[in-house]
Amino acid sequence: MYIIKNQTYSLITGASSGIGKEIAESLAKRGNNLILISRRRNILEQIAKYVIETYNVKVLTMPCDLTEKDSPKSIYLWCKENNIIVDTIINNAGMGLFGEFFKQDIEKQMSLIELNINCLVKLTYYFLPDLLKLSKGYILNVASIAALYPLPYYCVYGATKAFVLSFTEALRFEMRDSNVTISCLCPGDTDTDFFVNAGNVKKKKPTQPPSIVADTAVRLLMKNEPVIFPANANMMSKIPRRILKKMVFKRISSYKV
Ligand SMILES: NC(=O)c1ccc[n+]([C@@H]2O[C@H](COP(=O)([O-])OP(=O)(O)OC[C@H]3O[C@@H](n4cnc5c(N)ncnc54)[C@H](OP(=O)(O)O)[C@@H]3O)[C@@H](O)[C@H]2O)c1
């Protein structure tokens, strides 16, 4: 019996750590070939080596800074020039900035918007027509449970995630008659480098492992779930917005920034 190996690729942004790295591994377990993207070349190469040896899939790495305006188009053109067929896009790369809005560097805030919103929209825009032509494909946009409420001391971050959820649900509706599955992932606090990178160094370490978030995300993406609230986000997602906002503001009012 001949086994026809999968010739298409899943492209994952922010694949060097946390949720993105775990989603990459979860996809590899299912036999998907991978394109791993983030800034840290060495880490991407180490992950690629491990995934190739463990899961016997093909893995390409593309180190780049996704806050650079042309990066998404360069990634798309690189795939086209090298005849790489992408059928899954995981728009996961993201950053936060913790602190009072007006005390944060404005250039950092603009980079955050470039990464969390613009890069995600551009990658979706460039790859979606090819997924439609393939007549199959998956797009997973990573938002956050914070997409459901305003998040003081992460004002801009929270607003970018509300954008991602709104954009993804609207696009999913537009694509409802196609064979492209478009879902949004809304995790709660997860044990990754996110909080330290955001400058929230005093935060208690979250207990939820990124592997749980990733496995749930991949499983429910394949089941065409519109919005995925893994584990600790699931209960919060059921609370009416008005009450959720009150709860969040009450908890945050005890913060020392
Ligand atoms: N952790 C949580 O509690 C939580 C909760 C809800 C949602 N999320 C969302 O989950 C996603 C993944 O975050 P995480 O928790 O896994 O955090 P993380 O461990 O800090 O991972 C962030 C990833 O994004 C990449 N990245 C950051 N800036 C980049 C840039 N300019 N260009 C290219 N890649 C860049 C990082 O790689 P390099 O440093 O190598 O570039 C890394 O691979 C984010 O969208 C985040 O908002 C996280």
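Placed above this text is the structure.
Okay, so let's go over this structure. (Residues numbered from 1 in each chain as written. Predicted model: local features only at pLDDT ≥ 70, side-chain atom pairs only at ≥ 80, totals over all residues. Heavy atoms only, no water.)

### As for the packing of helix H3 (residues 71-81) against helix H4 (residues 106-134)
As a packed pair, H3 and H4 sit with axes 8 Å apart at the nearest point and diverge in direction by 25°. The orientation of H3 with respect to H4, classified from their angle, is roughly parallel. Pair H3 / H4 crosses with right-handed handedness. Where H3 abuts H4, its residues Pro72, Lys73, Ile75, Tyr76, Cys79 and Lys80 lie against Cys119, Lys122, Leu123, Tyr126, Phe127 and Asp130. Looking at the contact of H3 with H4 residue by residue, the class counts come to eight nonpolar, no polar and four charged. (Axes fitted to C-alpha atoms, helices over the stretch in contact; angles between N-to-C directions. Helix = DSSP H or I, 4+ residues; strand = E, 2+ residues; numbered from the N terminus. Parallel < 35°, antiparallel > 145°, perpendicular 65-115°, else oblique. Left-handed = near helix turned anticlockwise from the far one by under 90°. Contact = heavy atoms within 4.5 Å. Nonpolar A, V, L, I, M, F, W, Y, C, P; charged D, E, K, R; others polar.)

### A look at the packing of aromatic side chains
Aromatic ring pairs are described here by two measures, namely the spacing of the ring centres and the angle between the planes. Evaluation of the coordinates by the stated rule reveals 10 aromatic pairs. Note on Tyr76 and Tyr126: the rings are 6.0 Å apart at their centroids and 20° apart in plane angle, and the pair reads as stacked. Of the two residues, Tyr76 is situated in helix H3 and Tyr126 in helix H4; the sequence distance between them amounts to 50 residues. For Tyr76, a relative accessible area of 14% puts it in the buried group. Look at Tyr126 and you get partly exposed, because its relative accessible area is 22%. Geometrically, the ring pair formed by Tyr154 and Phe194 is stacked, given 6.4 Å between the ring centres and 25° between the ring planes. In this pair, Tyr154 is assigned in the loop between strand E5 (137-142) and helix H5 (155-174) and Phe194 in helix H6 (residues 194-197), connecting sequence segments 40 residues apart. For the pair formed by Tyr154 and Phe194, the shared burial category is buried. An aromatic cluster is defined as three or more aromatic residues linked by ring pairs; in this entry it consists of Phe98, Tyr154, Tyr157, Phe194 and Phe195. Taking NZ or CZ as reference, Arg176 lies 4.0 Å from the ring centre of Phe173, over its face. (Phe/Tyr/Trp six-rings, centres within 6.5 Å; stacked < 30°, edge-to-face > 60°. Buried < 20%, exposed > 50% of the residue type's maximum accessible area, 1.4 Å probe, protein only. Lys NZ or Arg CZ within 6 Å of the ring centre and 35° of its normal.)

By themselves these figures say nothing about function.
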